[in-house]
Amino acid sequence: SLMTPIVDRVLKFLRRTPLRTFVLYPLITLGWELFLNSGRLRLEPLFLPLMLWGYLQYRLCGLYRIKHGGGGPGLETPPERLVTTGPYAYTRNPMYLGHIIFLTGLTLAAKSPLAALITVGTAIWFHFRVLGDERKLVQLLGEPYIEYSARVKRWIPGLF
């Protein structure tokens with residue numbers, strides 16, 4: 001039927017991680033908070049810059065990786081070269097970290113327990129996704145990636 005290709009395309013679009021993080025999760029959170037608070041939003045503007053930081057980190061690190069490593073924004077189109085400069089000299093996953101920073105900002109700005117659950121769930125999901133990504137990158141890039149992994153932390157520079 002004609003509906004199946006359309007439904008497949010919609011589902012594929014909704015599975016995109018940036019769409020979920022930067023559009024759907026904020027809309028769900030704000031809708032939930034408006035519902036809980038009788039149409040009033042208790043926004044803490046102090047944390048809105050954290051959301052901007054997270055989004056810009058995701059976006060700019062993605063552009064940097066494509067420019068220096070080739071490939072696409074995700075591992076569906078993997079990089080052709082290992083990128084170890086710029087933000088990738090400090091953390092192996094600055095794009096994913098940008099998602100988590102954005103969601104942390106959303107949690108704090110909206111003062112939302114739901115956003116906190118989404119943030120923690122997303123961070124756990126990203127961690128397991130990264131473990132799979134790393135296995136693929138070892139196969140794709142070999143020893144240089146293994147050496148890079150030993151030198152640069154997975155998430156937070158200097159910590160872990």
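Residues numbered from 1 in each chain as written. Predicted model: local features only at pLDDT ≥ 70, side-chain atom pairs only at ≥ 80, totals over all residues. Heavy atoms only, no water.

Student: Teacher, can you tell me more about the environment of R59 here?
Tutor: In this structure, R59 sits in helix α3 (residues 48-69). Distance from R59 to V138, taken between C-alpha atoms, is 24 Å for residues 79 residues apart in sequence. (Helix = DSSP H or I, 4+ residues; strand = E, 2+ residues; numbered from the N terminus.)

Student: When you look at the packing of aromatic side chains in this model, what are you seeing that I'm missing?
Tutor: Two aromatic rings, taken as a pair, are described by how far apart their centres are and by the angle between their planes. Counting across every chain of the model gives nine aromatic pairs. Judged by centre distance (4.8 Å) and plane angle (75°), the rings of F22 and F102 are edge-to-face. With F22 in helix α2 (residues 17-36) and F102 in helix α4 (residues 94-110), this residue pair connects regions lying 80 residues apart in the sequence. For the pair formed by F22 and F102, the shared burial category is buried. With a centroid separation of 6.4 Å and an interplanar angle of 15°, the aromatic rings of Y64 and Y88 are classed as stacked. (Phe/Tyr/Trp six-rings, centres within 6.5 Å; stacked < 30°, edge-to-face > 60°. Buried < 20%, exposed > 50% of the residue type's maximum accessible area, 1.4 Å probe, protein only.)

Student: Is there a simple way to explain the pattern of salt bridges in this structure?
Tutor: Pairs can form between side chains of opposite charge once their charged atoms are near each other. The full count for this structure, using the stated rule, is four salt bridges. For E80, the salt bridge identified is with R81, shortest N-O distance 3.4 Å. Using a relative accessible area of 41% as the deciding quantity, one classes R81 as partly exposed. For the salt bridge of R92 with E134, the shortest nitrogen-to-oxygen distance reads 2.6 Å. Placement of the pair is R92 in the loop between α3 and α4 and E134 in helix α5 (residues 113-141), with a sequence separation of 42 residues. The same class applies to R92 as to E134, namely buried. Taken together, the salt bridges that share partners define one network made up of R92, E134 and R154. (Salt bridge = Lys/Arg side-chain N within 4 Å of Asp/Glu carboxyl O.)

Student: Which parts of the structure should I look at to understand the packing of α5 against helix α6 (residues 143-151)?
Tutor: In a packed pair of helices, the relevant descriptors are the angle between the two axes and the axis-to-axis distance. Packing of α5 against α6 leaves a shortest axis separation of 6 Å and a crossing angle of 135°. Judged by the angle between their axes, α5 and α6 are oblique. The segment α5 lies against α6, with E134, L137, V138 and L141 engaging E143, P144, Y145 and I146. (Axes fitted to C-alpha atoms, helices over the stretch in contact; angles between N-to-C directions. Parallel < 35°, antiparallel > 145°, perpendicular 65-115°, else oblique. Contact = heavy atoms within 4.5 Å.)

Student: What exactly am I supposed to notice about the side chain of T29 here?
Tutor: Relative to the helices and strands, T29 is located in helix α2. T29 sits in the buried class, given a relative accessible area of 0%. In this structure T29 touches L106, A110, S112, L114, A115 and I118, once residues within four positions along its chain are discounted.

Student: Hey, could you run me through unusual backbone geometry in this one?
Tutor: Glycine aside, negative phi is the norm for most residues, and most peptide bonds take the trans geometry. Positive phi values are uncommon outside glycine, yet S38 reaches one of about 50°. Note that S38 resides in the loop between α2 and α3. S38 sits in the exposed class, given a relative accessible area of 61%. Even without being a glycine, K111 presents a positive backbone phi close to 50°. Mapping K111 onto the fold places it in the loop between α4 and α5.

Student: Can you walk me through the packing of α3 against α4 in this structure?
Tutor: One way to put it is that α3 packs onto α4 with a least axis distance of 7 Å and a crossing angle of 165°. By the angle between their directions, the pair α3 and α4 is classed as roughly antiparallel. Crossing handedness for the pair α3 and α4: left-handed. Here L48, L50, M51, W53, G54, Y55, Q57, Y58, C61 and G62 of α3 lie close against α4, whose contacting residues are P94, M95, L97, G98, H99, I101, F102, T104, G105, L106, L108 and A109. Residue classes in the contact of α3 with α4 are distributed as 15 nonpolar, seven polar and no charged. (Left-handed = near helix turned anticlockwise from the far one by under 90°. Nonpolar A, V, L, I, M, F, W, Y, C, P; charged D, E, K, R; others polar.)

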